[in-house]
Amino acid sequence: MSDSYERLIAKLKRAHTLGTVAGLLGWDEQVNLPADSADQRAEQLALLSELQHAAASDAEIGELLGKLEGGANSRTADEAVVVRAARRDYDRVTKLPAEFVAEKARLSSVAYHAWAGAKAKSDFAAYAPYLEKHLALAKREAAYLGWGDRPYDYAIDKHDPGMTALKITALFTELKAGLVPLVRAVAASPIKARPDIFKGFPVEAQREFLREATERLGFNYRRGRIDVSLHPFCEGAGADIRMTTRFDANNPLDSLFSSIHETGHGLYEQGLPLGLQGTPLGQNAGMGVHESQSRLWENQVSRSRAFWTFFEPRFREKFPAQLAAVSSDDLYFAVNEVAPTLIRVDSDEVHYNLHILLRFELEQRLFRGDLAVADLPAAWNALSQELLGLTPVSDKTGVLQDVHWSSGAFGYFPSYCLGNMIAAQLWFTVFKTLPGLEADFARGDFSRLLSWLRKNIHEQGRRYDTLALVEHVTGEELMPKYLLRYLQERYAPLYLK
Ligand code: ZN
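Residues numbered from 1 in each chain as written. Predicted model: local features only at pLDDT ≥ 70, side-chain atom pairs only at ≥ 80, totals over all residues. Heavy atoms only, no water.

> Help me understand the overall build of the protein chain, please; the structure alone is not making it clear to me.
Helix and strand counts for the protein chain come out as 20 helices and 3 strands. For 497 residues, the compact-globule estimate of 2.2 N^0.38 gives 23 Å, and the C-alpha radius of gyration of the protein chain, at 23 Å, lies within 12% of that figure. For the protein chain, the C-alpha atoms occupy an extent of roughly 70 × 50 × 50 Å along the three principal directions. Sorting the 497 residues of the protein chain into buried and exposed places 53% on the buried side. Looking at the protein chain alone, contacts between residues at least 24 apart form 73% of all its contacts between residues at least 6 apart. Averaging the positions of the 57 positive and the 64 negative side-chain charges in the protein chain gives two centres separated by 2 Å. (Helix = DSSP H or I, 4+ residues; strand = E, 2+ residues; numbered from the N terminus. Rg over C-alpha atoms; globule rule 2.2 N^0.38 Å. Buried < 20%, exposed > 50% of the residue type's maximum accessible area, 1.4 Å probe, protein only. Contact = heavy atoms within 4.5 Å. Lys, Arg positive; Asp, Glu negative; His and termini not counted. Charge placed at Lys NZ, Arg CZ, Asp CG, Glu CD.)

Below, the structure written as structure tokens:
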């Protein structure tokens, strides 16, 4: 290892550590902040963001990268990964003019409030000018990075390295062809989950149960914690992972499954090599892979019969009176309830991907210039009817439902669906590789699955781009057929008997 390499690592770690401090303050803002302390926190975060930007764009990093790139032959494979990923990050930090970064930050702040206000009043026109500005900035940003002719690909690549709109289109087209008939068949089924079986589930008992479940899945509470916030999220890195959840006495499954979802994110972060924290070898591979980890634990694992074989008696122990008249089948149906909804975040996993197909289609049209922002609500509603069979009655439940675009986060939505596809493909691979896994789950033992994910996904850091990682781990390129097969095998026995 050369002096230049060691010096580079030290510089990267410094920028990373500043980022973790900002992350912690951001977590605290959403979990603990007193009502009148927001201004002070904004100042603290602005200062940290400035320091972090300065650390990440340090000219010495550029010089070190230049030297290390020159000596390609003397580098180990790991060093080559670090240099390549660090170059990608460094270019993205330094090629954007400071005034552009400030302009985007300012716009995101006002656009967020404009979005929240427009959503409350279901008034898209009030938000449209901000969305137009964000689109223009996204195109300018792509041009600064040398992607001026493919701005939407740049937006996608930011979240999932190596992905393009063309590759996603091929995957989504095949997925849609298999998914739409399944969704229609399940929706037409006369078999329905029993409504309203969850009433009056005390929050304290919910908290105890989800702590037991997430701990058994493998989350290390000596290096992380879970608290309450308005919207669940997972923040942090290395030895300190902060997850959040929310509680509703009449919807204990929402809290449980969103906690398990965040646990999947947390397990990934806890599984990244701690000693390499702050370097690309200790960082996650991108949004699609991250989402595959949360979805795999949330859906494939925790909605399975085997999971509930172990946990049902424990769940009943916490809520004996509430569940007295609820049969095992009722409970399992409730866990796997399928019902179309207009709202993406409330969607079951059978419908979920259709919500993403809709957003992907509209983002492409916006970037191509085929669709004017003013025409977005109508286009949204038409696609919603076509894909989900539902037309929003107001923009609040349609085009204004998601926060993402208000911060200019285009190209982010496809990651959710990629994550679902990756999760399903990993699921079939791990079952082939580790016989008897279901019996493990039924005994409450998830350690073999977690070890497999640790070795094959978590410990890889950023060695591979999204698709290359999938191919490396599963021996095949990413294919929608595994998600279709998983959905068929899980939901057909329930709804298509
Ligand atoms: Zn997630």
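> In this structure, what is going on with the sheet that holds strand β1 (residues 224-228)? I would like to understand it.
Hydrogen bonding along the main chain pairs the strands of a sheet, whether they run parallel or antiparallel. Strand order across the open sheet formed by 3 strands is β1-β3-β2, with mixed pairing between neighbours. On the outer flanks of this sheet lie β1 and β2 (234-237), each paired with one strand and no other. Along the sheet, successive strands turn relative to each other by an average axial angle of 15°, direction set aside. Of the strand pairs in this sheet, β1 and strand β3 (residues 240-245) are connected by 5 bridges, and their pairing is parallel. Note that in β3 the partner of R225 across the bridge is R242. This element, helix α10 (residues 252-271), spans β1, β2 and β3 of the sheet and lies at about 165° to β3. (Pairing = 2+ DSSP bridges. Axes fitted to C-alpha atoms, helices over the stretch in contact; angles between N-to-C directions.)

> Any chance you could explain the pattern of salt bridges here in plain terms?
Two side chains of opposite charge can pair, provided their charged atoms sit close to one another. Evaluated as defined, the whole model comprises 34 salt bridges. One salt bridge connects K176 with E386, and the closest N-O pair in it is separated by 3.6 Å. One end of the pair, K176, is in helix α8 (residues 165-188); the other, E386, is in helix α15 (residues 376-388), with 210 residues separating them in the sequence. Given the relative accessible area of 32%, K176 is considered partly exposed. Of the charged contacts, one joins E489 and R485 as a salt bridge, the two residues approaching to 3.2 Å between their closest N and O atoms. In this pair, E489 and R485 both sit in helix α20 (residues 481-495), 4 residues apart, roughly one turn of the helix. (Salt bridge = Lys/Arg side-chain N within 4 Å of Asp/Glu carboxyl O.)

> How should the coordination of the zinc ion be read in this particular structure?
For a metal bound by four donors in a tetrahedral arrangement, the ideal donor-metal-donor angle is 109.5 degrees, while six donors in an octahedral arrangement ideally sit at 90 or 180 degrees. Of the protein atoms, only H261 (NE2), H265 (NE2), E291 (OE) and E291 (OE) coordinate the zinc ion, at distances of 2.1 to 2.7 Å. Angles of 50 to 125° at the metal separate the 4 donor atoms of the zinc ion, which places the site in the irregular class. Mapped onto the polypeptide sequence, the residues donating to the zinc ion form the spacing pattern H-x3-H-x25-E. Of this pair, H265 sits in helix α10 while E291 sits in helix α11 (residues 287-301); the two residues are 26 residues apart in sequence, bridging distant segments of the chain. (Donors = N, O, S within 2.8 Å, 3.2 Å for Na, K, Ca; no water. Tetrahedral: all angles 85-135°; square planar, octahedral: opposite > 155°, others 65-115°.)

> Would you mind showing me how to read helix α9 (residues 203-217) here?
Think of an α-helix as turning once every 3.6 residues; residues three or four places apart then point the same way. A rise of 1.5 Å per residue sets the reference length of α9, with its 15 residues, at 21 Å; its end C-alpha atoms lie 21 Å apart and thus fit the reference within 8%. Taken residue by residue, α9 has A205, Q206, F209, L210, A213, T214 and L217 as its buried positions. Along the axis of α9, the buried positions cluster into a sector of 155°, meaning they face one direction only. Backbone geometry just downstream of α9 places G218 in the positive-phi region, at approximately 125°. (Expected span 1.5 Å × (residues − 1). Arc of directions from axis to C-beta.)

> I'm lost on the side chain of E298 in this one. Help?
Positionally, E298 belongs in helix α11. The exposure class assigned to E298 is buried, which follows from its relative accessible area of 12%. Discounting residues that sit within four places of it in the chain, E298 has contacts with F257, I260, H261 and R303.

> Hey, could you run me through the domain arrangement of the protein chain in this one?
Interface extent is often summarised as the accessible area lost during association of the parts. Considered domain by domain, the protein chain is made up of domain 1 (3-144) and domain 2 (165-495). The interface is formed by 37 residues belonging to domain 1 together with 40 residues belonging to domain 2. Interface area, domain 1 with domain 2, both sides summed: about 3,300 Å², of which 66% is carbon and sulfur. The largest per-residue losses of area from domain 1 upon contact with domain 2 belong to W27, F124 and L135, which jointly make up 20% of the total buried on that side. Along the contact surface separating domain 1 from domain 2 lie 2 salt bridges. (Domains from an automatic or database assignment. Buried area = accessible area lost by both parts, 1.4 Å probe.)

> I'm lost on the environment of F410 in this one. Help?
Within the secondary structure, F410 is located in the loop between α15 and α16 (413-433). By relative accessible area, which is 2% here, F410 ends up buried. Excluding residues within four positions of it along the chain, F410 makes contact with L131, H134, L135, A138, A155, H159, E363, F367 and W405.

> Any chance you could explain the environment of R462 here in plain terms?
By the secondary structure assignment, R462 is in the loop between α18 (447-456) and α19 (466-474). The class of R462 is buried, set by a relative accessible area of 16%. The sequence separation of R462 and P161 amounts to 301 residues, and the corresponding C-alpha distance is 9.6 Å. What R462 contacts, discounting residues up to four positions off in sequence, is V81, R84, A85, R88, D89, P280, L281, Q283, N284 and A285.

> Just to check I follow, could you spell out the packing of aromatic side chains for this structure?
Geometrically, a pair of aromatic rings is defined through the distance of the ring centres and the angle of the planes. Evaluation of the coordinates by the stated rule reveals 33 aromatic pairs. Arranged with centres 6.3 Å apart and planes meeting at 85°, the rings of F124 and Y127 form a pair that is edge-to-face. Of the two residues, F124 and Y127 are both situated in helix α6 (residues 124-144); the distance of 3 residues between them amounts to about one turn of the helix. Looking at F124, the relative accessible area reads 6%, which means it is buried. Relative to F201, the ring of F198 lies with its centre 5.5 Å away and its plane at 70°, an arrangement referred to as edge-to-face. The class of F198 is buried, set by a relative accessible area of 10%. The ring of Y352 carries R295 above its face, with NZ or CZ at 4.4 Å from the centroid. Across from the ring centre of F428, 3.9 Å away, lies the NZ or CZ of R485, which sits over that ring. (Phe/Tyr/Trp six-rings, centres within 6.5 Å; stacked < 30°, edge-to-face > 60°. Lys NZ or Arg CZ within 6 Å of the ring centre and 35° of its normal.)

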